[in-house]
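# Residue-level structural notes
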Amino acid sequence: MDLHGKVAVVTGSGRGLGLGYARALAAAGAAVVVNDVDQDAVDAAVATVTREGGKAAGVVAAVGDSAAAQQVVDAAVREFGRLDVLVTNAGILRDRVLWKMTDDDFDAVVRVHLRGTFTCARAAATRMREQGTGGRLVLISSPAGQRGNFGQTNYAAAKAGIVAMARTWAMELARAEITVNAVVPVAATEMTKTIPAFAPVIEEAERTGDPLPGWLRRDEGLGTVEDVASLITFLASDASKGVTGQAIGIGGDRLALWAHPKEKAVAFADGGWSADVIAEQWTDGVGAEPETYGIPAPKAPGA
């Protein structure tokens with residue numbers, strides 16, 4: 001995949017998945033703006049990309065407000081002359097069950113994930129429309145946003161909202177030839193290790209030094225950062241010009257297209273539904289096959 005001549009911003013790219021995205025984009029030829037709240041992480045990431053033969057600049061800023069969003073966009077234009085790709089990866093966790101989650105826990109996560117995606121995408125889209133040559137917005141979501149996850153009210157809500165914004169912006173930016181897609185990644189990272197369903201398996205692989213087992217890569221779609229980064233490179237490229245408004249999952253050996261929400265079962269009652277009639281018909285009617293929820297725990301073969 002050839003990204004020479006393109007300029008990308010990757011928020012939250014000082015380490016983990018974000019750094020993996022920045023390295024992959026740079027390896028394909030894009031100039032990359034690395035962003036993180038940690039100066040040391042930014043400096044190390046820029047040095048890594050440069051050492052690997054890529055072009056990179058760094059911006060230390062806490063994603064969330066409009067000033068930080070404009071700062072990363074301005075850095076791309078100042079350092080490399082334009083902006084073609086935005087990857088909104090920055091994120092934090094403040095996991096707690098509902099009755100223990102504070103206002104600050106909720107607001108902090110929503111500010112970085114949801115508001116940070118909005119402000120950065122708005123600044124990037126404004127610049128891309130001014131350039132008049134199209135562009136790519138790649139918004140990072142999560143399986144938690146698609147299915148919910150225990151203890152992650154704030155994170156799951158923000159990640160679900162990001163997918164909704166991708167669908168909305170795909171419509172709004174179509175005439176400007178700016179594609180917008182949400183990526184639903186699953187990879188072994190420090191953040192993933194906080195998810196109870198995956199933590200034991202990742203920790204065991206780290207303890208032994210063995211690669212993640214094949215059943216986990218295929219059946220659960222959990223792999224390395226590098227496994228995920230290939231989708232980011234594709235979505236940043238001209239090859240993806242016809243792909244927009246989608247939620248695309250990747251991890252390990254699995255690449256998947258997530259379904260948009262739709263009515264699963266429908267019933268009709270002339271004149272409308274009373275509560276008593278709903279109760280009477282629910283189990284054998286539209287509620288006969290209720291949807292599952294939550295991220296299933298990994299199941300090893302034979303378990």
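Residues numbered from 1 in each chain as written. Predicted model: local features only at pLDDT ≥ 70, side-chain atom pairs only at ≥ 80, totals over all residues. Heavy atoms only, no water.

### Notes on a nonpolar patch on the surface
Rules: Patch rule: a residue counts if its relative accessible area is over 30% and it has no salt bridge; like charges are joined within 9 Å, and nonpolar side chains (Val, Leu, Ile, Met, Phe, Trp, Tyr) within 5 Å. Throughout, the Shrake-Rupley method with a 1.4 Å probe supplies accessible areas, and for residues the shown protein chains are the sole cover considered. By definition, a salt bridge exists where a carboxyl oxygen of Asp or Glu is found within 4 Å of a side-chain nitrogen of Lys or Arg. Under the scheme used here, helices are H or I runs from DSSP no shorter than 4 residues and strands are E runs no shorter than 2 residues, and both carry numbers assigned from the N terminus.
Together, W273, I278, W282 and V286 give the surface a local cluster of nonpolar side chains, amounting to about 360 Å² of exposed area. Turning to its location among the elements, I278 is positioned in helix α10 (residues 275–281).

### Points about helix α4 (residues 103–131)
Let me state the cut-off plainly: For a helix, the expected span equals 1.5 Å multiplied by the number of residues minus one.
If you check α4, its first and last C-alpha atoms are 40 Å apart, about what 29 residues at 1.5 Å a residue would give, namely 42 Å. Note on α4: the residue one or two positions beyond its end, G132, has a positive phi of about 75°.

### What about the pattern of salt bridges?
Here the idea is simple: oppositely charged side chains can pair when their charged atoms come close. Filter applied, for reference: Here the term buried applies to any residue with accessible area under 20% of the maximum for its type, exposed to any over 50%, and partly exposed to those in between, with areas from a 1.4 Å probe on protein chains only.
Across all of its chains, the model carries 12 salt bridges by this definition. A salt bridge links R217 to D227; the nearest nitrogen and oxygen atoms lie 2.7 Å apart. Placement of the pair is R217 in helix α8 (residues 214–219) and D227 in helix α9 (residues 225–236), with a sequence separation of 10 residues. Both residues of the pair, R217 and D227, belong to the buried class. Where salt bridges share partners, they join R15, D36 and D38 into one cluster.

### Focus on the sheet that holds strand β2 (residues 31–36)
Note the threshold: DSSP bridges decide pairing: two strands pair if at least two such bridges lie between them. Angles here are taken between N-to-C directions and fall from 0 to 180 degrees, while the axes themselves are lines fitted to C-alpha atoms, restricted in helices to the stretch in contact. We call two residues contacting when some pair of their heavy atoms lies within 4.5 Å.
One open sheet accounts for 8 strands, arranged β3-β2-β1-β4-β5-β6-β7-β8; its pairing is mixed. Strands with a single pairing partner mark the edges of an open sheet, and in this sheet they are β3 (55–60) and β8 (254–257). Within the sheet, the average angular offset between the axes of one strand and its neighbour, ignoring direction, is 20°. Direction of pairing for strand β4 (residues 85–88) relative to strand β5 (residues 135–140): parallel, over a ladder of 4 bridges. Directly across from V85, in β5, lies its bridge partner R136. Strand contacts of helix α2 (residues 39–51): β2 and β3, with the helix running at about 175° to β3, the strand carrying the most contacts.

### Notes on the side chain of D227
Quick note on the threshold: Under the rule applied, a polar contact is a pair of N or O atoms within 3.5 Å (in protein, one hydrogen donor and one hydrogen acceptor; residues adjacent in sequence only if both atoms are side-chain atoms).
Using a relative accessible area of 17% as the deciding quantity, one classes D227 as buried. Polar contacts involving the side chain of D227 include one to the side chain of R217, which spans 2.7 Å. From its side chain, D227 meets the backbone nitrogen of T224 in a polar contact 2.7 Å long.

### Re the packing of α4 against helix α6 (residues 153–172)
Our working definition: For classification, angles of less than 35 degrees are called roughly parallel, those exceeding 145 degrees roughly antiparallel, those between 65 and 115 degrees roughly perpendicular, and all remaining angles oblique. By convention, the crossing between two helices is left-handed when the near helix turns anticlockwise from the far helix through less than a right angle, and right-handed when the turn is clockwise. All amino acids are sorted into three groups, where Ala, Val, Leu, Ile, Met, Phe, Trp, Tyr, Cys and Pro are nonpolar, Asp, Glu, Lys and Arg are charged, and the leftover types, Gly among them, are polar.
Where α4 contacts α6, the axes come no closer than 8 Å and their chain directions differ by 15°. By the angle between their directions, the pair α4 and α6 is classed as roughly parallel. In this structure, α4 meets α6 at a crossing whose hand is right-handed. On the side of α4, the interface is formed by D105, F106, V109, V110, H113, L114, T117, F118 and A121, while α6 contributes T153, N154, Y155, A158, K159, G161, I162, M165 and W169. Considering only residue class, the contact of α4 with α6 consists of 11 nonpolar, 5 polar and 2 charged.

### Some remarks on α6
Quick reminder: α-helices carry 3.6 residues per turn. Residues three or four places apart thus point the same way. Here α6 is 20 residues long and its end C-alpha atoms lie 29 Å apart, about the 28 Å a rise of 1.5 Å per residue gives. Inspection of α6 places N154, Y155, A156, A158, K159, G161, I162, V163, M165, A166, W169 and A170 among the buried residues, and these make up the whole buried set. Packing partners of the buried residues in α6 comprise α4, β5, α5 (143–147), β6 (178–185) and β7 (247–251).

### As for the pairing of β6
For β6, the buried fraction is high: 8 of the 8 residues fall into the buried class. Burial along β6 is two-sided: the face carrying I178, V180, A182 and V184 and the face carrying T179, N181, V183 and P185 are both buried. Sheet analysis places β5 next to β6, joined by 6 bridges and oriented parallel. Residue pairing across strands places R136 opposite T179, the latter belonging to β6. Relative to β7, β6 runs parallel, the two sharing 4 bridges. The residue bridging V183 from the neighbouring strand is I248, located in β7.

Scope: geometric values only; no functional claims are made or implied.
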